[in-house]
Amino acid sequence: MVSPERFRKIRELLEKRQTDLTLVMDNVNKAHNLAAIIRSCDAVGIHRVHAISYRSSIRTRQNTAAGASRWLKVGLSESIAPVGEKLRAAGMQILVAHHCPEAVDFRSIDYTRPTAIVMGEELTGPSREALDLGDNFIYIPMAGMVESLNVSVAAALILFEAQRQRQAAGLYDTRHFSDAEFERLLFEYTYPRLAAVLRERGKPYPKLDENGAFENDGITE
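The structure presented is a predicted model; accordingly, all values stated were derived computationally and were not measured. (Residues numbered from 1 in each chain as written. Predicted model: local features only at pLDDT ≥ 70, side-chain atom pairs only at ≥ 80, totals over all residues. Heavy atoms only, no water.)

Colleague: Sorry if this is basic, but what is going on with a nonpolar patch on the surface here?
Modeller: A cluster of nonpolar side chains, Met142, Val146, Leu149, Val153 and Leu157, forms an exposed patch at the surface whose accessible area comes to about 390 Å². Residue placement: Met142 occurs in the loop between β7 (136-139) and α6 (151-168). (Patch = residues over 30% accessible without salt bridge, like charges linked within 9 Å, V, L, I, M, F, W, Y side chains within 5 Å. Areas by Shrake-Rupley, 256 points an atom, 1.4 Å probe, with all protein chains shown as cover. Salt bridge = Lys/Arg side-chain N within 4 Å of Asp/Glu carboxyl O. Helix = DSSP H or I, 4+ residues; strand = E, 2+ residues; numbered from the N terminus.)

Okay, here's the thing in structure tokens:
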């Protein structure tokens, strides 16, 4: 059984998850960058991220990163176009990190709006398809000789600015999930192996009490 302290931590994690803030990794292919970006997304309370790969070699690394992710969902896709369509249908503004004449300082954006942030491949940047999706282009001002930051560092800076704005607006104080979705995720995050077994058997999840224990003496066969 889970300890009450851990259960409360998992509950608090879900209470603060931001379902209308996401990040799209457009062909990000280095394993350490994938892992670092996912960690930053978890740290700011993102619930779902998207990994786009046009090449099988990248897809293998992204699958590994997704498998290692315990606390947020990673959606894998071979094309950014359908992902962008779904994000736009959900009412999200799509921001592409790309230094171009139209780009604005990343801190000037209103991240309290439903937002998707697109980070491009380490060497070549965002794909043409990603650029075509962008509602705005954002960049990180720099005063030194380097022309760009590591993609995971850049993603972290942008994400924590989004977190700062959302905290100030009180968006972490309101649950983003429906009650049913919250209870489902709470059980799956608390008891992932048992949840998998119950799903396979087509059985409902048992109710959990305030300490994470099974109500009514647990699970019936």
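Colleague: Got a minute to help me understand α6 in this structure?
Modeller: Each α-helix turn comprises 3.6 residues. Residues three or four places apart therefore point the same way. With 18 residues, α6 ought to run about 26 Å at 1.5 Å a step, and its terminal C-alpha atoms sit 26 Å apart, in line with that. Gly170 occupies a position one or two residues after α6 and carries a positive phi of about 80°. (Expected span 1.5 Å × (residues − 1).)

Colleague: Looking at this model, I keep getting lost on the environment of Ala196. Mind explaining?
Modeller: Of note, Ala196 is situated in helix α8 (residues 192-201). Accessibility expressed as a relative area gives 34% for Ala196, which makes it partly exposed. (Buried < 20%, exposed > 50% of the residue type's maximum accessible area, 1.4 Å probe, protein only.)

Colleague: Would you mind showing me how to read unusual backbone geometry here?
Modeller: Outside of glycine, negative phi angles account for most residues, and trans bonds account for most peptide bonds. One non-glycine residue with positive phi stands out, namely Asn27, at about 65°. Within the secondary structure layout, Asn27 lies in the loop between β1 (21-26) and α2 (31-43).

Colleague: Explain helix α4 (residues 80-89) here, please?
Modeller: Of all the residues in α4, the buried ones are Ile80, Val83, Gly84 and Leu87. Around the axis of α4, the buried residues are gathered within 100° of arc, so they sit on the same side. With respect to the buried face of α4, the exposed residues turned more than 90 degrees away are Glu85, Lys86 and Ala89. Of the surrounding elements, those touching the buried residues of α4 are β1, β2 (48-52), β3 (73-77), β4 (93-97), β6 (115-119) and α5 (128-133). The N-capping residue of α4, defined by a side-chain oxygen 3.3 Å from the backbone nitrogen of Ala81, is Ser79. Directly beyond the C-terminal end of α4, a positive phi value near 85° is found at Gly91. (Arc of directions from axis to C-beta. Contact = heavy atoms within 4.5 Å. Polar contact = N/O pair within 3.5 Å; in protein donor to acceptor, adjacent residues only side chain to side chain.)

Colleague: Quick question: what am I supposed to make of the sheet that holds strand β5 (residues 104-105) here?
Modeller: In a beta sheet, neighbouring strands are held together by backbone hydrogen bonds and run either parallel or antiparallel to one another. Within the open sheet, the seven strands sit side by side as β3-β2-β1-β6-β4-β7-β5. Their pairing is parallel. On the outer flanks of this sheet lie β3 and β5, each paired with one strand and no other. Where β4 lies against β7, three bridges are found, and the strand directions are parallel. Following the sheet pairing, Leu95 is matched in β7 by Asn136. Running over the sheet, α6 touches β1, β4, β6 and β7 and is turned about 165° from β6. (Pairing = 2+ DSSP bridges. Axes fitted to C-alpha atoms, helices over the stretch in contact; angles between N-to-C directions.)

Colleague: Explain the environment of Ala103 to me, please; I cannot follow it from the model alone.
Modeller: On the secondary structure map, Ala103 appears in the loop between β4 and β5. Measuring from C-alpha to C-alpha, the distance between Ala103 and Tyr139 comes to 6.1 Å, with 36 residues separating the pair along the chain. Excluding its chain neighbours within four sequence positions, the residues that come into contact with Ala103 are His98, Phe137, Ile138 and Tyr139.

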